[in-house]
Amino acid sequence: LAHPGIDQAYQVLEDLVDHGLKGIEVYHSSHHPGMETKFIRMAKEFGLFVSAGSDFHRLEDDSHGMLGTKTLDWEHMGSYYRQLIMERKKDMGANV
């Protein structure tokens, strides 16, 4: 779910998860620390991937974040890849 703090989509997060949502963009150029904390909590509650994005569009665009200003720490990167591998194994019919 991209930038849930902008369009308030987090309000229907449970419904989106029920329909197959796998991740949430916690770290975004428009999210303040309180929002990030809230979205981390929601990601844990619903077992979602955590992602980050600066929302970079182009150099001449001052209304979006600059490239690389939002990143994931190693904890979230490791968790993301572990979940991705488990999903891939399930899709391939392997025992997890």
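These numbers were taken from a predicted model, which means no experiment stands behind them.

Enquirer: Before we go on, may I ask you to explain the nonpolar core in this structure?
Expert: Soluble globular proteins tend to bury their nonpolar side chains together. With 13 residues, the main nonpolar core has L13, I24, V26, F39, L48 and V50 as its most contacted residues. Among the elements that make up this core, the one with the highest residue count is helix α3 (residues 33–46) (five residues). Other than its neighbours up to four places away in sequence, L48 contacts L13, V17, L21, K22, G23, I24, A43 and Q83.

Enquirer: Help me understand a negative patch on the surface, please; the structure alone is not making it clear to me.
Expert: A surface patch of negative charge is lined by E14, D15, D18 and E45. Among the elements that take part in the negative patch, helix α2 (residues 13–18) stands out by supplying three residues, more than any other. With respect to the secondary-structure elements, D15 resides in helix α2.

Enquirer: What am I meant to see in the pairing of strand β1 (residues 23–28) here?
Expert: Successive residues of a regular strand alternate their side chains across the two faces of the sheet. Among the six residues of β1, six are classified as buried, and the element is accordingly described as predominantly covered. Where β1 meets strand β2 (residues 49–53), five bridges bridge the pair, whose relative direction is parallel. If you follow G23 over to β2, its bridge partner there is F49. Crossover β1 to β2 through α3 is right-handed.

Enquirer: Help me understand the confidence of the model for the protein, please; the structure alone is not making it clear to me.
Expert: Do not read the fine detail of predicted coordinates wherever pLDDT is low. Taken residue by residue, the protein gives an average pLDDT of 77. The fraction at 70 or more is 69%. When mean pLDDT is compared element by element in the protein, α2 scores highest at 92, while helix α4 (residues 74–92) scores lowest at 73.

Enquirer: I would appreciate a short explanation of unusual backbone geometry in the present structure.
Expert: Among all residues save glycine, negative phi is the norm, and among peptide bonds the norm is trans. In this structure, H3 takes a positive phi of about 30 degrees despite not being glycine. By the element assignment, H3 lies in the segment before α1 (4–7). Judged by relative accessible area, which is 22%, H3 ranks as partly exposed.

What counts and how
Residues numbered from 1 in each chain as written. Predicted model: local features only at pLDDT ≥ 70, side-chain atom pairs only at ≥ 80, totals over all residues. Heavy atoms only, no water. Core = buried A, V, L, I, M, F, W, Y, C linked by side-chain atoms within 4.5 Å. Buried < 20%, exposed > 50% of the residue type's maximum accessible area, 1.4 Å probe, protein only. Helix = DSSP H or I, 4+ residues; strand = E, 2+ residues; numbered from the N terminus. Contact = heavy atoms within 4.5 Å. Patch = residues over 30% accessible without salt bridge, like charges linked within 9 Å, V, L, I, M, F, W, Y side chains within 5 Å. Areas by Shrake-Rupley, 256 points an atom, 1.4 Å probe, with all protein chains shown as cover. Salt bridge = Lys/Arg side-chain N within 4 Å of Asp/Glu carboxyl O. Lys, Arg positive; Asp, Glu negative; His and termini not counted. Charge placed at Lys NZ, Arg CZ, Asp CG, Glu CD. Pairing = 2+ DSSP bridges. Right-handed = clockwise from strand over helix to strand, strands pointing away. pLDDT = per-residue confidence, 0-100.

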